Amino acid sequence: MGEQTAFAKMNGLGNEIIVADMRGRSDRVAPAAAIALAHDPATRFDQLMAIHDPKTLDTDYYVEIINCDGTQAQACGNGMRCVVQALAAETGRNSFTFETLAGILTAEEHAGGLISVDMGKPRFGWQEIPLAEEFHDTRRIELQVGPIDDPVLHSPSAASMGNPHAIFWVDRDVWSYELEKFGPLLENHPIFPERANISIAQITASDALTLRTWERSAGLTLACGSAACAAAVSAARTDRTGRNVTVTVPGGPLLIEWREDDHVLMTGPAEWEFAGSFDPATGAWMRDADAAPLNAIGKRGVA
Ligand SMILES: N[C@H](CCC[C@H](N)C(=O)O)C(=O)O
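Residues numbered from 1 in each chain as written. Predicted model: local features only at pLDDT ≥ 70, side-chain atom pairs only at ≥ 80, totals over all residues. Heavy atoms only, no water.

**So, the pattern of salt bridges**
Link 1 in the chain: This model, assessed by the stated rule, comprises 13 salt bridges.
Link 2 in the chain: In this structure, Glu16 engages Lys9 in a salt bridge whose closest nitrogen and oxygen atoms are separated by 2.5 Å. An identical accessibility class is assigned to Glu16 and Lys9; each is buried.
Link 3 in the chain: It is possible to trace a salt-bridge network through shared partners that takes in Lys9, Glu16 and Glu273. (Salt bridge = Lys/Arg side-chain N within 4 Å of Asp/Glu carboxyl O. Buried < 20%, exposed > 50% of the residue type's maximum accessible area, 1.4 Å probe, protein only.)

**Quick look at the domain arrangement of the chain**
Many descriptions give the size of an interface as the accessible area lost when the pieces come together.
Link 1 in the chain: Examined at the domain level, the chain breaks down into domain 1 (5-115 + 270-295) and domain 2 (126-262).
Link 2 in the chain: Between domain 1 and domain 2, the C-alpha centre-to-centre distance is 26 Å.
Link 3 in the chain: Each partner contributes residues to the interface: domain 1 has 17 residues there, and domain 2 has 21 residues.
Link 4 in the chain: Interface area, domain 1 with domain 2, both sides summed: about 1,200 Å², of which 49% is carbon and sulfur. (Domains from an automatic or database assignment. Contact = heavy atoms within 4.5 Å. Buried area = accessible area lost by both parts, 1.4 Å probe.)

**Points about the site of the ligand**
Link 1 in the chain: Taken together, the neighbourhood of the ligand is formed by 15 residues, with Asn15, Glu215, Arg216, Gly225 and Ser226 sitting nearest.
Link 2 in the chain: Gln47 is positioned such that a nitrogen or oxygen atom in its side chain is 2.9 Å from a nitrogen atom of the ligand.
Link 3 in the chain: Coverage of the ligand by the protein chains reaches 100% of its 370 Å² of free accessible surface.
Link 4 in the chain: Mapped by element, the contributors of at least two residues to the shell around the ligand are helix H2 (77-91) and helix H4 (225-237).
Link 5 in the chain: The residue makeup of the shell around the ligand, split by class, is 4 nonpolar, 9 polar and 2 charged. (Near = heavy atom within 4 Å. Polar contact = N/O pair within 3.5 Å; in protein donor to acceptor, adjacent residues only side chain to side chain. Areas by Shrake-Rupley, 256 points an atom, 1.4 Å probe, with all protein chains shown as cover. Helix = DSSP H or I, 4+ residues; strand = E, 2+ residues; numbered from the N terminus. Nonpolar A, V, L, I, M, F, W, Y, C, P; charged D, E, K, R; others polar.)

**Points about the side chain of Thr100**
Link 1 in the chain: Structurally, the position occupied by Thr100 is in strand E6 (residues 95-100).
Link 2 in the chain: At 3.0 Å, the side chain of Thr100 forms a polar contact with the backbone nitrogen of Ala102.
Link 3 in the chain: Once residues lying within four places of it in the same chain are set aside, the contact partners of Thr100 are Tyr62, Val63, Gln74, Met80 and Leu105.

**Some points on the state of the cysteines**
Link 1 in the chain: Applying the stated criterion to the full structure yields 0 disulfides.
Link 2 in the chain: Cys68 takes part in no disulfide bond, and the closest cysteine sulfur to it belongs to Cys76, at a distance of 11 Å. (Disulfide = S-S within 2.5 Å.)

**Points about the packing of aromatic side chains**
Link 1 in the chain: Following the criterion strictly, the structure yields 7 aromatic pairs and no others.
Link 2 in the chain: The rings of Phe7, Phe274, Phe278 and Trp285 are connected pair by pair, giving a single aromatic cluster.
Link 3 in the chain: Across from the ring centre of Phe124, 3.8 Å away, lies the NZ or CZ of Arg237, which sits over that ring.
Link 4 in the chain: Across from the ring centre of Phe274, 4.0 Å away, lies the NZ or CZ of Arg287, which sits over that ring. (Phe/Tyr/Trp six-rings, centres within 6.5 Å; stacked < 30°, edge-to-face > 60°. Lys NZ or Arg CZ within 6 Å of the ring centre and 35° of its normal.)

**Observations concerning the nonpolar core**
Link 1 in the chain: Grouped together as the largest cluster of nonpolar side chains are 54 residues, with contacts concentrated most on Phe98, Leu211, Val247 and Ile256.
Link 2 in the chain: Beyond its immediate chain neighbours, meaning those up to four positions away, Leu211 contacts Ser199, Ile200, Ala201, Ala227, Ala228, Ala231, Val247, Thr248, Val249 and Pro250.
Link 3 in the chain: Within the second largest apolar cluster, 22 residues are counted, among which are Leu131, Val174, Leu179 and Ile191. (Core = buried A, V, L, I, M, F, W, Y, C linked by side-chain atoms within 4.5 Å.)

**Focus on the pairing of strand E13 (residues 197-205)**
Link 1 in the chain: By the bridge criterion, 5 bridges tie strand E12 (residues 164-169) to E13 in an arrangement that is parallel. For Phe168, the partnering residue across the bridge sits in E13 and is Ile200.
Link 2 in the chain: In this region the chain leaves E12, passes through helix H3 (residues 179-187) and returns to the parallel neighbour E13; the handedness of that crossover is right-handed.
Link 3 in the chain: Bridge count between E13 and strand E14 (residues 208-215): 7 bridges; the pairing is antiparallel. Of the residues in E14, the one forming a bridge with Ala201 is Leu211. (Pairing = 2+ DSSP bridges. Right-handed = clockwise from strand over helix to strand, strands pointing away.)

**Focus on the pairing of strand E11 (residues 157-160)**
Link 1 in the chain: Every second residue of E11 is oriented toward a common face, with Ser157 and Ala159 on one face and Ala158 and Ser160 on the other, all of them buried.
Link 2 in the chain: In the sheet, E11 pairs with E12 via 4 bridges, with the strands oriented antiparallel. Its bridge partner lying in E12, Ala159 is registered against His165.
Link 3 in the chain: Linkage of E11 to E12, two consecutive antiparallel strands, is achieved through a turn of 3 residues, within which Gly162 is found at a positive phi near 95°.

**Structural notes on the UniProt feature "active site" (unreviewed entry) in the chain**
Link 1 in the chain: As recorded in UniProt, the sites labelled "active site" (unreviewed entry) are Cys76 and Cys224. Of the residues just listed, which span 149 residues, no C-alpha pair is farther apart than 7.4 Å, and they cluster in one region.
Link 2 in the chain: Within the element layout of this structure, Cys76 appears in the loop between strand E5 (72-73) and H2.
Link 3 in the chain: Look past the residues within four positions of Cys76 in its chain and what remains in contact with it is Asn15, Ile17, Gln47, Met49 and Ile65.
Link 4 in the chain: You can see Cys224 is positioned in the loop between strand E15 (219-220) and H4.
Link 5 in the chain: Using a relative accessible area of 6% as the deciding quantity, one classes Cys224 as buried.
Link 6 in the chain: Ignoring anything within four residues of it in the chain, the contact list for Cys224 reads Asn15, Asn78, His165, Thr213 and Glu215. (UniProt positions renumbered as here; feature names shortened; annotations may be inferred.)

Pasting the structure below:
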């Protein structure tokens, strides 16, 4: 049995997140522990964000992102906002520099509580996404589902925010498509050698779109921050919107700004639910008593 680690159960617009404090130790959250926590209804999560000591000079922390099936993800926008809120509550600081598999990210908590994460630069090259075959123009790749002469979904845009995304543009309300049916097929389509997060997007104004996402490894979620970024840059790149887009996901709105320096800034809320501790080897966990001292990450208002 390993040494217990403090965690906070949080969410970012309903994207279920566990923030785990793995600082000052060299072990990792085992995939089996993540799977066990994901299977318990009380700690069910989409992504687990494990905060580790920094690996690189001039970064504050290394963050490992683990999907609910135990696999690693390169990026998780909603999870990063939860990490920022937890660390801001603990340290009193409001800006941080993180390292993830997607690179070095900066993030800031604003006075009103909203959090902005610089999600880095999008990548559009077919080998960078990656796609299994050469596409010169990833604004529109050849891929469709449904009858060949009358496809339900077709010609998605593809992009990487560190993790792979495909965005299908639809004319009707995003809720009128059976994403739970098409999502698994598309996630695992051979065109995506590392699988992909699959979204459907409806443009609602020149600065707004609605989005639903079938996440790689996690399935349907209420919010996917990196997909919101991928959809916003793809909308701008295909002249569907400008570079500032309100992306409304099932959990609520995210503001996405594709800056002139090519970085994508995502702004939205995060919410703390409860704290506890778990064994990173097995996932066995306990909820903190309400009167617990301030040892749990991100616990607000407890002296
Ligand atoms: N919920 C996350 C995305 C998780 C991505 C993950 N499903 C993958 O790429 O494997 C977000 O807010 O960006």
